[in-house]
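Structural overview for review
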Amino acid sequence: MRPSLEVTTVSQRFGRRVAVDRVSFSAGPGVMGLLGPNGAGKSSLLSILATHVTPAEGSVMALGRTAFENGRPGSGLDAVRRDLGYLPQRFEVMGWSSVKRNVEVAAWSQGVPSGEVASAADRALDAVQLTDRARSRARSLSGGMRQRLGIACALAHDPKVVLLDEPTAALDPVQRQGLRDSLALIGQSRVVLISTHIVEDLAHIAERVLVMNEGALIFDGAVNELALHGSPGEVSPLEAGYRAILADGSIAA
Ligand SMILES: Nc1ncnc2c1ncn2[C@@H]1O[C@H](COP(=O)(O)OP(=O)(O)OP(=O)(O)O)[C@@H](O)[C@H]1O
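Counting starts from 1 at the beginning of each chain's written sequence and moves along it residue by residue. Totals for whole chains, interfaces and linings use all residues, but because this is a predicted model, local features are given only for residues with pLDDT of at least 70 and pairs of side-chain atoms are given and counted only at 80 or more. With hydrogens and water excluded, all non-hydrogen atoms of the structure serve as input to the side-chain values.

An unreviewed UniProt entry lists the protein under the name ABC-2 type transport system ATP-binding protein, with Kytococcus aerolatus as the source organism. UniProt positions are given in the numbering used here, feature names are shortened, and annotations may be inferred rather than shown by experiment. Annotation of the protein in UniProt includes, under Sequence similarities (unreviewed entry), the sentence "Belongs to the ABC transporter superfamily."

Turning next to the sheet that holds strand S7 (residues 84-87). Think of it this way: DSSP has to see at least two bridges between two strands before they count as a pair. Numbering of helices and strands runs from the N terminus; a helix is a DSSP stretch of H or I covering at least four residues, while a strand is a stretch of E covering at least two. Read across the sheet, six strands follow the order S7-S8-S9-S3-S10-S11 without closing on themselves; strand pairing throughout is mixed. Taken across any chain shown, the strands that pair with only one partner, and hence form the sheet edges, are S7 and strand S11 (216-222). Neighbour to neighbour, the strand axes of the sheet diverge by 15° on average, direction disregarded. Sheet analysis places strand S10 (residues 208-213) next to S11, joined by six bridges and oriented antiparallel. Opposite Leu210, over in S11, you have Asp220 as the bridge partner. The contact definition used throughout considers only heavy atoms, calling two residues in contact when any of these lie within 4.5 Å. Orientation is described by lines fitted to C-alpha atoms, with helices fitted over the stretch in contact, and by angles between N-to-C directions that extend from 0 to 180 degrees. Seen against the sheet, helix H5 (residues 143-155) touches S7 and strand S8 (161-165) and runs at an angle of roughly 155° to S7.

Whether a residue is near a molecule or strand is decided by its heavy atoms; if any one of them lies within 4 Å of it, the residue is near. For the ligand, the set of nearby residues contains 14 residues, the closest of which are Asn38, Gly39, Lys42, Ser43 and Ser44. At 2.9 Å from an oxygen atom of the ligand is found a side-chain nitrogen or oxygen belonging to Asn38. Between N or O atoms, a polar contact is any pair within 3.5 Å; within protein, one atom must be a potential hydrogen donor and the other a potential acceptor, and residues adjacent in sequence are included only when both atoms are from side chains. Here Ser44 contributes a side-chain N or O atom positioned 2.6 Å from an oxygen atom of the ligand. With residues, only the protein chains shown are counted as cover, and all accessible areas are computed by Shrake-Rupley using a 1.4 Å probe. For the ligand, whose accessible area on its own is 630 Å², the fraction buried by protein is 63%. When residues of the shell around the ligand are traced back to their parent elements, those giving at least two are strand S2 (17-27) and helix H1 (42-49). At three residues, the largest contribution of residues to the shell around the ligand is made by H1. Taken together, the residues of the shell around the ligand break down into four nonpolar, seven polar and three charged. In this count, Pro and Cys sit with the nonpolar residues alongside Ala, Val, Leu, Ile, Met, Phe, Trp and Tyr, while Asp, Glu, Lys and Arg are called charged and the others, Gly among them, polar.

This paragraph deals with the domain arrangement of the protein. Just so you know, the domain bounds were taken from an automatic or database domain assignment. Along its sequence, the protein is organised into domain 1 (5-83 + 161-248) and domain 2 (96-159). The C-alpha centroid of domain 2 is placed 24 Å from the C-alpha centroid of domain 1. Contacts between the two partners involve 18 residues from domain 1 and, on the opposite side, 14 residues from domain 2. Joining two parts hides part of their accessible area as seen by a 1.4 Å probe, and the buried area is that hidden amount summed over both. When domain 1 packs against domain 2, the two sides together hide about 1,200 Å² of surface, and 58% of this comes from carbon and sulfur. When a carboxyl oxygen of Asp or Glu is within 4 Å of a side-chain nitrogen of Lys or Arg, the pair counts as a salt bridge. Taken together, the links from domain 1 to domain 2 amount to one salt bridge.

What follows deals with the packing of aromatic side chains. Two rings belonging to Phe, Tyr or Trp (six-membered ring only in the last case) form a pair when the distance between their centres is within 6.5 Å. Interplanar angles under 30 degrees mark stacking, angles over 60 mark edge-to-face geometry, and anything in between is tilted. Under the criterion given, the structure shown has zero aromatic pairs. Over the aromatic face of Trp96 sits the side chain of Arg139, whose NZ or CZ is 4.3 Å from the ring centroid. The rule is short: NZ of Lys or CZ of Arg within 6 Å of the ring centre and within 35 degrees of the ring normal puts a charge over the ring. In this structure, Arg146 is placed above the aromatic ring of Phe91, and the distance from its NZ or CZ to the ring centre is 4.7 Å.

As a further point, take the layout of surface pockets. Whether a set of points on the 1 Å grid over the protein atoms alone is a cavity depends on a 1.4 Å probe fitting there but being unable to get out, while an open set qualifies as a pocket with protein on both sides within 12 Å along at least five of seven lines; lining residues are those with an atom within 4 Å of a point. Grid points are joined across faces, edges and corners, and a volume is the space filled by probe spheres set on the points. Looking at the largest pocket, its volume works out to about 460 Å³. Taken together, 22 residues line the largest pocket, and the ones lying closest to its centre are Tyr86, Pro88, Gln110, Cys153 and Ala154. Listing elements by their share of the lining of the largest pocket, those giving two or more residues are S7, helix H3 (99-109) and H5. When grouped by side-chain class, the residues that make up the lining of the largest pocket number 12 nonpolar, eight polar and two charged. Taken together, domain 1 (5-83 + 161-248) and domain 2 (96-159) each give at least three residues to the lining of the largest pocket, which thus spans both.

Glancing now at unusual backbone geometry. Notably, Leu63 is not glycine yet its phi reads approximately 50°, a positive angle. We note that Glu214 has phi near 50°; this positive angle belongs to a residue other than glycine. Tracing the backbone shows Glu214 in the loop between S10 and S11. You can call Glu214 exposed: its relative accessible area is 65%. Each residue gets one of three labels from its accessible area relative to the maximum for its type: buried under 20%, exposed over 50%, partly exposed in between, using a 1.4 Å probe on protein chains only.

What follows deals with the pairing of strand S3 (residues 30-35). Looking along a regular strand, one sees the side chains alternate between the two faces of the sheet. Taken across its six residues, S3 has six buried, putting it largely inside the fold. With burial as the criterion, each face of S3 is covered, one bearing Gly30, Met32 and Leu34 and the other bearing Val31, Gly33 and Leu35. Pairing analysis gives four bridges linking S3 to S10, with the strands arranged parallel. Bridge assignment links Leu35 to a residue of S10, and that residue is Val211.

Here's what the structure looks like:
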């Protein structure tokens, strides 16, 4: 089945605070960016899509199966979970274990049969271009390599929907470029949703971008389209477009 994700009027609240406000979009294979300032609701939305949290209202379907329906767990929740890869904003690695062992454990914990975990780990490490560090201890990796290890762990069971929460935060430009290349490859056959507040990261890897502000989706369109919203100035067209959309707060493509 063609990888797909369908989100319909999903909301989440913390007490009286609306963290996610009736967000709807659908996606097929490819890399999609989720942009927004601090507190916009990106992580809250991703944790719902990752099925860690049940939304207060709304429905989520992935690969034709229902994860949530009208704010309740759906009949396909377990099946959706098996086909999801999620890298949260903060994650732990087993520092004294090898890079490959970390990915094998992730594969095993996601239900990959023990006889297949080694080859699953090899595949995932290859996808993030970390094969040459497979035998290194995880604690010896640089920040960018550690992020790639986290992504390899999320990919270990070959999920068709991949959710990455700020995978490029705190990386230097060279590490960021390496990670962008890996993500572009991964997105060829999967739905990949990447949250970030670094606008330029999306310019090279994402075809489409969603912008959230104060819980609501205020833009859903092509990266090039976002760039058209800004006026020429000191920042890049994409950054200018993003700022204009945030300032207006109501434009939807
Ligand atoms: N566990 C929680 N309890 C109460 N409020 C929360 C909780 N988690 C998030 N919030 C609130 O929900 C809103 C959205 O937060 P969220 O972390 O989803 O935003 P974000 O866009 O991911 O931000 P950042 O870029 O800083 O990670 C914020 O107002 C935040 O304070």
